[in-house]
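Geometric and topological summary
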Amino acid sequence: MVHDSPAHRVSGQPGFLTWQPAPRRTEKKLWSAFRAGQQMDLRPNGTGARNGRVSARGSVVRARRITEILCAEPRPGHHARLTLRGARITGSLDLSHARIEHPIIFRDCVFDEPIVLAEARLGALSLDGCSFPGIDGQNLEVDSDLGLTGVSSSRTVTLTGAHLHRALRLRGARLRHGEDQQAALDADHLVVDGGIAANDGFDACGTVTMAGARVSGSVRLDGATITAGPGQEIAFYGDGMTVGHDFNAQRLTAEGEVRLVDVTINSTLEFRGATLANPGAVALRLDRAEISSSLYCDKEFTATGEVCAIGAQVKGSVYLNHAVLGTPVADPGLAAPAGVALRLVRTRIDGDFGCWQGFVGHGTIDLARSSVSGEF
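About the cut-offs
Residues numbered from 1 in each chain as written. Predicted model: local features only at pLDDT ≥ 70, side-chain atom pairs only at ≥ 80, totals over all residues. Heavy atoms only, no water. Helix = DSSP H or I, 4+ residues; strand = E, 2+ residues; numbered from the N terminus. Buried < 20%, exposed > 50% of the residue type's maximum accessible area, 1.4 Å probe, protein only. Contact = heavy atoms within 4.5 Å. Areas by Shrake-Rupley, 256 points an atom, 1.4 Å probe, with all protein chains shown as cover. Core = buried A, V, L, I, M, F, W, Y, C linked by side-chain atoms within 4.5 Å. Polar contact = N/O pair within 3.5 Å; in protein donor to acceptor, adjacent residues only side chain to side chain. 1 Å grid on protein atoms, 1.4 Å probe; cavity = no way out; pocket = protein on both sides within 12 Å on 5 of 7 lines; lining within 4 Å. Points joined across faces, edges and corners; volume = space filled by probe spheres on them. Nonpolar A, V, L, I, M, F, W, Y, C, P; charged D, E, K, R; others polar. Pairing = 2+ DSSP bridges. pLDDT = per-residue confidence, 0-100. Salt bridge = Lys/Arg side-chain N within 4 Å of Asp/Glu carboxyl O. Phe/Tyr/Trp six-rings, centres within 6.5 Å; stacked < 30°, edge-to-face > 60°.

**Regarding the overall build of the chain**
- Within the chain, the regular secondary structure consists of 2 helices and 48 strands.
- Here the chain holds 376 residues, and the buried ones make up 49% of them.
- Partitioning the contacts of the chain with sequence separation of at least 6, the portion at a separation of at least 24 is 48%.
- Split by element, the accessible area of the chain, about 16600 Å² in all, is 47% carbon and sulfur.

**Description of the nonpolar core**
- Core analysis: the biggest nonpolar cluster contains 100 residues, and L84, F106, L127, M241, F247, F271 and F301 have the highest contact counts within it.
- Among all residues touching F247, those that are not within four sequence positions of it are V219, L221, F236, M241, L260, I265, T268, L269 and E270.

**Remarks on the side chain of Q39**
- With respect to the element layout, Q39 can be found in strand β4 (residues 39–41).
- Take Q39: its relative accessible area is 15%, and that puts it in the buried class.
- Polar contacts involving the side chain of Q39 include one to the side chain of R107, which spans 3.1 Å.

**Digging into the side chain of T67**
- In this fold, T67 is placed in helix α2 (residues 63–71).
- With residues near it in sequence (within four places) discarded, T67 still touches L93, D94 and L95.

**Focus: the environment of R176**
- Within the secondary structure, R176 is located in strand β20 (residues 174–176).
- Residues R176 and C205 lie 29 residues apart in sequence; the distance between their C-alpha atoms is 4.9 Å.
- When sequence neighbours within four positions are dropped, the list of residues in contact with R176 reads S153, S154, R155, T156, A184, D203, A204 and C205.

**Section: empty space enclosed by the protein**
- For the coordinates displayed, the defined rule picks out 1 cavity of 30 Å³ or more.
- When its volume is computed, the largest cavity comes out at roughly 100 Å³.
- Every residue lining the largest cavity is counted, 14 residues in all, and those nearest its centre are L286, L295, A309, V318 and L344.
- Broken down by secondary-structure element, the contributors of at least two residues to the lining of the largest cavity are β39 (301–310) and β43 (340–345).
- Looking at side-chain class alone, the lining of the largest cavity contains 13 nonpolar, 1 polar and no charged residues.

**Quick notes on the pairing of strand β11 (residues 121–126)**
- Alignment of strand β8 (residues 99–107) against β11, held across 5 bridges, turns out to be parallel. When the sheet's bridge partners are listed, P103 is paired in β11 with A124.
- By the bridge criterion, 2 bridges tie β11 to strand β15 (residues 146–147) in an arrangement that is parallel. From the neighbouring strand, S126 faces β15, where its bridge partner is G147.

**A few points about unusual backbone geometry**
- Residues other than glycine seldom take positive phi values, yet E300 does so here, at roughly 75 degrees.
- Here E300 lies in the loop between β38 (295–296) and β39.
- One non-glycine residue, H322, lies in the positive phi region at around 55 degrees.
- Exposure remark for H322: the relative accessible area of 37% places this residue in the partly exposed category.

**Comments concerning the confidence of the model for the chain**
- Here the chain shows a mean pLDDT of 89. Residues at 70 or above account for 86%.
- Of the regions scoring below 50 in pLDDT, residues 1–21 engages in 34 contacts with residues more than four places distant in sequence or in other chains.
- In the model, residues 48–58 has pLDDT below 50 throughout and makes 14 contacts with residues more than four positions away in sequence or in other chains.

**Comments concerning the pattern of salt bridges**
- Across all of its chains, the model carries 24 salt bridges by this definition.
- One salt bridge connects D366 with R343, and the closest N-O pair in it is separated by 3.8 Å. Residue D366 is located in strand β47 (residues 364–366), and its partner R343 is located in strand β43; the two are separated by 23 residues in the primary sequence.
- Note on D366: relative accessible area 22%, which makes it partly exposed.
- Under the relative-accessibility criterion, R343 is labelled partly exposed at 24%.
- Overlapping salt bridges, with partners in common, bring together D239, E257, R259, R285 and D287 in one network.

**Section: the environment of L82**
- Within the element layout of this structure, L82 appears in strand β6 (residues 82–85).
- L82 sits 13 residues away from I69 along the chain, and the two C-alpha atoms are 8.6 Å apart.
- Aside from chain neighbours lying at most four places away, what touches L82 is L30, F34, I66, I69, L70, P103, I104, I105 and F106.

**With respect to the packing of aromatic side chains**
- With the rule as written, the count across this model stands at 7 aromatic pairs.
- Aromatic side chains F353 and F376 sit 5.1 Å apart centroid to centroid with 45 degrees between the ring planes, which places their arrangement in the tilted category. Taken together, the residues span a long stretch of sequence, with F353 in strand β45 (residues 353–354) and F376 in the segment after β48 (371–372) at a distance of 23 residues.
- The exposure class assigned to F353 is buried, which follows from its relative accessible area of 4%.
- One aromatic cluster in this structure is built from F106, F111 and F132.

This is how it looks when you write it as structure tokens:
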């Protein structure tokens, strides 16, 4: 591991390097660490700075120099790897259209400008614990995982058309849209050969959109929080998604519509214990969804708004036990209609349909032209 220091020893005595501007001195050491495949840790004494902030003068690294290092050819026979921790990175890190095989790992770094990865082809990229004002990753291709665990973004993270050959890791990430933006995460037509993990404290302020995404493994939103931005109605937009395994949204908290229209899920779809809120409108929409196993909206599932599944097909069972659906009437003494709590129209359920314990519907239940092959 390489630690940055302004001094070295000469004949056993401490001495100072020939003076260089701090960023350039640090960048010279980063080049050496890159060629040696070592981590360069710029945190004070190798530990986190106060309040997670990077403030030391020697921790500044110019993004332009990082780009030059990554695009340079290391000496033959060396296992080059860029691993940088605790740095403040100034300027725009622009790797658009780059072809880089070396692993790129940033940990606990602060970027002062958006990260540009459009049309890049990278071997591996991790930004775990970093803070930045957005990512432009349109049509990005990564041969390994894309690591965004615990990141903080103040503008949209864009991954439209990206192809990840392993997994997308978003555990504990905090994503925000900018004032001129609507989405916190824009990942339409994303292709992931592994799974997506956006759980364990994932928090998005702004729409999370994955329309047309193809995920070979699982999608995990368990314990996540998604809040539609001001004036926006949709929290999660997943129309046309294909998921090769299960879609786990247990304990999801969403303000705005959760929309999974025309999706294909090759295992279970779980909303157990989730809290979805879109009062007076649709909280969960599953029109024409194809679910190869069961649908679980039970165990304290709450949808303040309508649960709608028109033309859906569930090859397993549907469970709504201990669930509360619909928008409660503000004044029970008034005769105003409460609207629709559950709308299953032309829905085919090959297994059982159960809502016999603790089920509450604030409004109409519409099961027109639906079929249940098992017990109802």
